Every structure is written in C-alpha cells, then in structure tokens.
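The chain contents come next:
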Amino acid sequence: MQKAFKVTLIPNHKQEILINKSIGCAKFVYNHFLALKQELYQTEKKTLTYNACSQRLTLLKKEIEWLQEVDKFTLQNSLRNLETAYKNFFADLKKAKGKKGVGFPKFKKKHGCKQSYKTNLTNGNIQVIKNRLKLPKCGWVRFHKSQDVIGTIVNVTVTRTLSGKYIASILCETEIEKHPQVSQNIGIDLGIKSYLVTIDGEVVDNPKYYRIQKRKLRSYHKKLSRSVKGSNNRAKAKIKLARTYQRITNLRDDFLHKLSTRLIKENSIICIENLQVANMVKNHKLASSITDASWSKFVAMLEYKALWHDRIVQKVGTFYPSSQTCNHCGFINPLVKDLKLREWSCPSCDNYNLRDVNASLNILSEGLKILTAAVGVPEALNACGELVRPGAIQAELVEAGITRL
Ligand SMILES: [Zn+2]
C-alpha cells in the first residue's frame, strides 16, 4: 500500500535557492517540450513520444548548463507529467465527446499557482532520519515533525505554496496495520446544518472554518485590490491572503481526517449518499456552505481508508428519497420535502421520525440492499427485505476483492 506523508520543510538559505532552482528547471523543461510538441504537430503533424523527448532532453542539458545543477529525476518527471497531461486530455476527449473536459495541456506559469518538482529514490539519495529529509543536491533538510514517516520511500514531491512555504510529500510503500474487524454498520446523512448525522443519532457539527475567517479574508482581499501592482505591500497582502486560505484548508483537512478515521475504525459497512456536489454548487445560495463542507473530499477519505482497513463504503443513489421515506414502514411522506420540517409522525404507522436520523437509517438499509444484490446472496435477506447476516456478506465481499461498487 502506498501512503503519502506531508511535512513542512525548514530549508536553509542555500537549500531554498536549490529548491527554487529545481522548481524553475522542472517548469522550464515542461514548457519547452510542450512548445516543441505543439510546433511539431502544427508544422509536420508529428507527435513526440516520451522516449524521443527524453533523448532530446539529454542534448538540451548539454546546451543549457544550469539544467545540470538540479537532480536528473526532476527533469525526467517533468516530461512524465507532460506525457500524463496529454494522455488525460485524449482520454477525456473520447469520454466527454465534445463536452467540456480536462482541456489541452497548458503552459506552467511563473506566478500565481502552486509550484513543485518531483524526485525519485535511487541508491539512498532520499532518506529520512528523525526530523531531517535528505534530498538529492540539497542534502539534509530539516522539517517540522508531526508524524513518523513509515515505509520505503518511493518518491518525494516538493511544493512551494502560494504563501511561500515548502511542503514535501513523501510517498512510501508501507504495510498498514489494519483495524480489528467489527460488526457494526452505519448509515450517514450529510448535511449543512450539522456536518453529518448517524443512525445512532450522533450529530457532528459543521465547523464552517471558511465562514469564521470570512471577515479576515474580506479585509485582505480589499487590501490586495487597493495596493499598487508590483509594490511591496501588494506582495505582502498576497502572502497574508494565501496564508489565511492555507490555514482554513489545514483546519478543515484535520477535521475531515479525524472524522473519517474514527468512522472507519468503528464500522464495517458505511452507507452514504452519492451527492452530486458539482450540481449542487450551482445553487449559489448553498454554494459557499457546501464547498465549506467539502463532502467529496470526505467521501474520498472514507473510500481510501476503507481500502486500507477492509471496510466497505457503499454509496446510495442521489435520487433515493432518504428523507421522505419512513424507515419503519416505507411510507413516502411528500410533506418532508420541506427542509424546515425537522421531525414528523408517520401518517401510516405513526412512527416518530427525526428527519436526519430517519434519513441515515434509510441510507443504511438501501446501501445494504444494493450490496446484497451486488454479491448475489439472496438468502441474506429475510421476507421483509431486511439484512440478516451483514457480517457474512462483508466477509464475502472482502474475499471477492470488492471494496468499492
Ligand atoms: Zn411509517
């Protein structure tokens, strides 16, 4: 299993110069070959393969001396990235059939975006000892230690953030110690008022980091727009703004990580709505709250952690009326479409339903139904369509290597 460990580097002055040089060279190579490929295609309708680019890179390094100052993998990885960008573009072109997709590879800009370079491991050129990371050419760079880097290093990507920090993402091949098996399954209803509500009635509040920092962000945006282009104040305002955004992202990621880790540890099967966030964000009133909630990131975390620990994340269709259905008798109550209706008595069976808990219970039973159908274990359902042996199904799914449907 591969796992990335992110650490904040504390480079000395010399190392900082080298990191910036590496980023610059990586960008130069990328842009140089993108231009070359475009030109060749326009003039001779020819394409340039990765190997052809690689041969030309060797010649280019003889011509341009400063390209030799950085690690050779950095430059090769740049070519690989370009190759991937082209592949993604063509793959998406086929799939999207004229719809707006990934887009043609773009030239990398000097400013205004994250800048990075990637280097690979050979012969101990990359190592981690305590709070130091050995990087090719740079030597031992200190970093803030927040977690142990475990496993065999595969590669390292060094990124300079907009706020001027240097982050190393160390990708390792590692054995993950699996959580012990549990029998509890859970349904989760995602929301805006509360981040999520579970079948047990647990309510996790939405932290809304973005909203809390909104005033700060607004004032920094103002300062930036009032400053003179190219001035020192403008550069300072830019960094302050980027730092605030970075802080929000960090706080939110931390929250999402803790929550997803706990849910994966405590549950065997996790059923969740398949939200089409992209569509929902078009609704502007809800937009900032939804992006703040970053549901898709959360679901992605649940999914990859489920793979690590042999858990199952089952998504339930967006159009399944999880809120309107009474979990007790299956009656569909159209009145519940009204978002303000937080609790209701079922007109059919008189069951008292709390809106979000009822939805999560429905999501769980619908998810388990989909799972049973997928594995084809009809005897696992009783006459009422309820799941009799969730544990057995989970075991069969894991055995069949199905962790995602
Ligand atoms: Zn009912």
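Coordinates for the structure precede this section.
Residues numbered from 1 in each chain as written. Predicted model: local features only at pLDDT ≥ 70, side-chain atom pairs only at ≥ 80, totals over all residues. Heavy atoms only, no water.

(A) The arrangement of the coordination of the zinc ion in detail. On the protein side, the zinc ion has Cys-326 (SG), Cys-329 (SG), Cys-346 (SG) and Cys-349 (SG) as donor atoms, found 2.3 to 2.4 Å from it. Seen from the zinc ion, its 4 donor atoms lie at angles of 106 to 116°, and the figure they make is tetrahedral. On the primary sequence, the residues serving as donors to the zinc ion are separated as C-x2-C-x16-C-x2-C. In this pair, Cys-326 sits in the loop between strand 12 (312-316) and strand 13 (343-345) while Cys-349 sits in the loop between strand 13 and strand 14 (352-354), placing the two residues 23 residues apart along the sequence. (Donors = N, O, S within 2.8 Å, 3.2 Å for Na, K, Ca; no water. Tetrahedral: all angles 85-135°; square planar, octahedral: opposite > 155°, others 65-115°. Helix = DSSP H or I, 4+ residues; strand = E, 2+ residues; numbered from the N terminus.)

(B) Inspection of the sheet that holds strand 11 (residues 269-273) at higher detail. The sheet built from 5 strands is open, its strands ordered 10-9-8-11-12 with mixed pairing. The outermost strands of the open sheet, each flanked by one partner alone, are strand 10 (203-205) and strand 12. Neighbour-to-neighbour, the strand axes of the sheet open up by a mean angle of 20°, direction not taken into account. Across the sheet, helix 6 (residues 232-266) touches strand 8 (185-190), strand 9 (194-198), strand 10 and strand 11, and the angle it forms with strand 9 is around 5°. This element, helix 9 (residues 295-308), spans strand 8, strand 9, strand 11 and strand 12 of the sheet and lies at about 140° to strand 12. (Pairing = 2+ DSSP bridges. Axes fitted to C-alpha atoms, helices over the stretch in contact; angles between N-to-C directions. Contact = heavy atoms within 4.5 Å.)

(C) Spatial organisation of helix 2 (residues 50-63). Taking 1.5 Å per residue as the helical rise, helix 2 with its 14 residues ought to reach 20 Å, and the 20 Å between its terminal C-alpha atoms agrees with that figure. Within helix 2, the full set of buried residues consists of Tyr-50, Cys-53, Leu-57 and Leu-60. Down the axis of helix 2, the buried set is contained in an arc of 70°. They therefore lie on one face. Pointing more than 90 degrees away from the buried face of helix 2 are the exposed residues Asn-51, Gln-55, Leu-59 and Lys-62. (Expected span 1.5 Å × (residues − 1). Buried < 20%, exposed > 50% of the residue type's maximum accessible area, 1.4 Å probe, protein only. Arc of directions from axis to C-beta.)

(D) Quick peek at helix 1 (residues 13-44). Helix length check: helix 1 (32 residues) gives 46 Å between terminal C-alpha atoms against 46 Å at 1.5 Å per residue, within 8%. A side-chain oxygen of the first residue of helix 1 lies 3.2 Å from the backbone nitrogen of Lys-14; this N-cap is Asn-12. (Polar contact = N/O pair within 3.5 Å; in protein donor to acceptor, adjacent residues only side chain to side chain.)

(E) Local environment of the sheet that holds strand 5 (residues 139-144). Pairing in this open sheet of 7 strands is antiparallel, and the strands run 2-6-7-1-5-4-3 from one edge to the other. Each end of this open sheet is capped by a strand with a single partner; those strands are strand 2 (115-120) and strand 3 (127-129). Mean inter-strand twist for the sheet, computed between neighbouring axes without regard to direction, equals 35°. As defined by bridge partners, strand 6 (residues 152-160) adjoins strand 7 (residues 166-173) across 8 bridges and the pair is classed as antiparallel.

By themselves, these are just geometric observations and shouldn't be taken as functional.
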